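# Architecture at a glance
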Amino acid sequence: MVLCAVRRQLLGCSSSSSCGAWARMLQRQSSGCVYSSTHGFNPEEIREKLQAFPGGSIDLLKQESGVAVLTINNPSRMNAFSGSMMVDLEERVSQLESWTDCKGLIVQGAAGTFCSGSDLNAVRAISNPQDGMKMCMFMQNALTRLLRLPLISVALVEGRALGGGAELTTACDFRLMASGSVIQFVHKHMGLVPGWGGAARLVRIVGSQNALKLLGGAVKVEPRSWPADWTGRWSPGGTPRQRRVQTLCYSKLKAGSVNIQKDLPQ
Ligand SMILES: CCC(=O)SCCNC(=O)CCNC(=O)[C@H](O)C(C)(C)COP(=O)(O)OP(=O)(O)OC[C@H]1O[C@@H](n2cnc3c(N)ncnc32)[C@H](O)[C@@H]1OP(=O)(O)O
């Protein structure tokens, strides 16, 4: 009962029926991967290969408020994803799937930057196309499950979100960018297409023409250069859902670890 009251307060519901409506609105398929054995995908096999490239971690902080914080933590490589971090991510998503009282998720990078994509050393070492494909399938599954969590998720972007880091931001409901931050799909500079499902998600967020510009031109997205629903500069009115996200972000700000006031409405 107490939990329901807290949930209602956070979601701004005035009655249990409107609370139920919110729950239904947020209801999304919380399981179900893109790739399974019917596609010849064996997660166990690729998990083992990824674990051979250690470094960094993906940390999950479950707060009593029901808001979780997922931190990409590999500062010596600008929070690039090592192989073991990919496996970590999948495990953290599983933990979030089973935490039924979780209402919100903030995805952030450690040490003032978001994520510089795949660890290039690991990418180079996974030298055959078959394993590269399996790694992409693995990350697409993990990020699809992240996006389908029945909660509100926000990518809090400080510093750079490059390559796979940019793709990760598209697996969240909203992106909130700190001053001076950049999201950039740098894949084309490396002769790559987004392998973590970011292109398909991007089309849904910004439309196909804008997605083509961002991907084909490796255009830098900066806090004030793109529409509000992309960079998180919400109008004071906003939709109810956007207001809930702002509430979540403000509580994060109050906790004191991120300084992004400049990009939020006063
Ligand atoms: C899914 C497909 C993908 O994600 S492909 C990967 C796409 N990402 C990239 O191409 C980003 C490559 N990195 C960079 O451009 C720069 O390091 C950025 C992030 C701009 C930071 O530049 P700067 O501030 O000058 O720092 P720096 O280059 O000295 O980097 C610090 C240390 O971090 C490392 N680092 C950075 N990014 C990665 C990465 N993706 N994989 C592996 N290591 C990375 C750098 O090598 C550097 O390490 P070290 O201090 O020289 O040992």
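The shown structure was predicted, so the numbers you read here are calculated from the model rather than taken from an experiment. (Residues numbered from 1 in each chain as written. Predicted model: local features only at pLDDT ≥ 70, side-chain atom pairs only at ≥ 80, totals over all residues. Heavy atoms only, no water.)

### Considering the pairing of strand E3 (residues 104-109)
With six of six residues buried, E3 is to be regarded as a mostly interior element. Alternating residues of E3 divide into Gly 104, Ile 106 and Gln 108 and Leu 105, Val 107 and Gly 109, and every residue in both groups is buried. Two elements, strand E2 (residues 67-73) and E3, share six bridges in a ladder whose sense is parallel. Considered in E3, the bridge of Ala 68 is made with Leu 105. With helix H4 (residues 83-98) bridging E2 and its parallel neighbour E3, the resulting β-α-β unit is right-handed. In terms of strand pairing, E3 meets strand E4 (residues 152-157) through four bridges, oriented parallel. Bridge pairing in E4 places Val 107 opposite Ala 155. (Buried < 20%, exposed > 50% of the residue type's maximum accessible area, 1.4 Å probe, protein only. Helix = DSSP H or I, 4+ residues; strand = E, 2+ residues; numbered from the N terminus. Pairing = 2+ DSSP bridges. Right-handed = clockwise from strand over helix to strand, strands pointing away.)

### Focus: unusual backbone geometry
Its identity is not glycine, yet Asn 79 carries a phi of approximately 60 degrees, on the positive side. Position of Asn 79 relative to the elements: it lies in the loop between E2 and H4. Residue class for Asn 79 comes out buried when judged on its relative accessible area of 0%. With phi around 45 degrees, Ala 218 is a residue other than glycine that occupies positive phi space. Position of Ala 218 among the secondary structure elements: in the loop between helix H9 (208-216) and strand E8 (220-221).

### Notes on the packing of helix H3 (residues 43-50) against helix H6 (residues 129-147)
With their axes 10 Å apart at the nearest point, H3 and H6 run at an angle of 105 degrees to one another. With respect to H6, the element H3 is oriented roughly perpendicular. The residues of H6 that touch H3, namely those facing Glu 45, Ile 46, Arg 47, Lys 49 and Leu 50, are Asp 131, Lys 134, Met 135 and Phe 138. (Axes fitted to C-alpha atoms, helices over the stretch in contact; angles between N-to-C directions. Parallel < 35°, antiparallel > 145°, perpendicular 65-115°, else oblique. Contact = heavy atoms within 4.5 Å.)

### Details of the site of the ligand
The local shell around the ligand holds 17 residues, among which Ser 76, Ser 116, Ser 118, Leu 120 and Gly 164 are the closest. A distance of 2.8 Å separates an oxygen atom of the ligand from a polar atom in the backbone of Ser 118. If the ligand stood free it would expose 940 Å²; the protein chains cover 57% of that surface. Those elements that provide at least two residues to the shell around the ligand are strand E5 (160-162) and helix H7 (164-169). Across the shell around the ligand, the residue classes tally to seven nonpolar, six polar and four charged. (Near = heavy atom within 4 Å. Polar contact = N/O pair within 3.5 Å; in protein donor to acceptor, adjacent residues only side chain to side chain. Areas by Shrake-Rupley, 256 points an atom, 1.4 Å probe, with all protein chains shown as cover. Nonpolar A, V, L, I, M, F, W, Y, C, P; charged D, E, K, R; others polar.)

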